Amino acid sequence: MADASARAVGVEFNTPEFTPAIFTLCLFGMALMSAGYFIACLVALKPLDVVVTKNVDTQETKKRSFAPYMSDAAMMGLTIYMMIDYVKTKPSIIAAAVSAIVMYGIMQLARRIKNGTLESFGMAIAMICAMIVGQFVTVMMG
């Protein structure tokens, strides 16, 4: 999203034209591009939850909500969209694979020990591991 914001004004990352003003524009663009998702969630999720609870008989399924499914679907879509341009080099592909493996492992561990805090920090931990591995592979490849 930041790259799309920078390209909108004709600037690329890692060029002399990328100034603090362009960086600020990129931050604003990322926030603005995410606003549609949050508005859609506010408008759509509550009515969907009401429909589900009206049409269900058991108590267990009355506790279900569309919110987790929407957030998972949005995260997968955003991840795939962001990775299309990212996986062009070997270090990037390796970092993406490491991130996916670490994320899966953390989610499985968090569910097994029933630790919600670990599950919520799973993405951050996976990203840090991917950054470390990506830099290590980049340095090793020369």
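Residues numbered from 1 in each chain as written. Predicted model: local features only at pLDDT ≥ 70, side-chain atom pairs only at ≥ 80, totals over all residues. Heavy atoms only, no water.

Caption draft 1: A look at the packing of aromatic side chains. Counted by the stated rule, this structure contains one aromatic pair. Ring geometry for Phe 13 against Phe 18: centres 4.8 Å apart, planes inclined by 40°, an arrangement best described as tilted. A relative accessible area of 35% places Phe 13 in the partly exposed class. (Phe/Tyr/Trp six-rings, centres within 6.5 Å; stacked < 30°, edge-to-face > 60°. Buried < 20%, exposed > 50% of the residue type's maximum accessible area, 1.4 Å probe, protein only.)

Caption draft 2: Representation of helix H5 (residues 90–113) within the structure. Taking 1.5 Å as the rise per residue, H5 with 24 residues should run 34 Å; its terminal C-alpha atoms sit 35 Å apart, in good agreement. Within H5, burial applies to Pro 91, Ser 92, Ala 95, Ala 96, Ser 99, Met 103, Ile 106, Met 107 and Ala 110. Looking at the residues trailing H5, positive phi occurs at Lys 114, about 55°. (Helix = DSSP H or I, 4+ residues; strand = E, 2+ residues; numbered from the N terminus. Expected span 1.5 Å × (residues − 1).)

Caption draft 3: Spotlight on the packing of H5 against helix H7 (residues 122–141). H7 packs onto H5 with a crossing angle of 150° between their chain directions and a minimal axis gap of 8 Å. Taken together, H5 and H7 sit at an angle that is classed as roughly antiparallel. In this structure, H5 meets H7 at a crossing whose hand is right-handed. Of H7, the residues touching H5 (which contributes Lys 90, Pro 91, Ile 94, Ala 95, Val 98, Ser 99, Val 102, Met 103, Ile 106 and Met 107) are Gly 122, Met 123, Ile 125, Ala 126, Met 127, Cys 129, Ala 130, Val 133, Gly 134, Val 137, Thr 138 and Met 141. For the contact of H5 with H7, the class distribution of residues is 17 nonpolar, four polar and one charged. (Axes fitted to C-alpha atoms, helices over the stretch in contact; angles between N-to-C directions. Parallel < 35°, antiparallel > 145°, perpendicular 65-115°, else oblique. Left-handed = near helix turned anticlockwise from the far one by under 90°. Contact = heavy atoms within 4.5 Å. Nonpolar A, V, L, I, M, F, W, Y, C, P; charged D, E, K, R; others polar.)

None of the figures reported here should be taken as evidence of function without further support.
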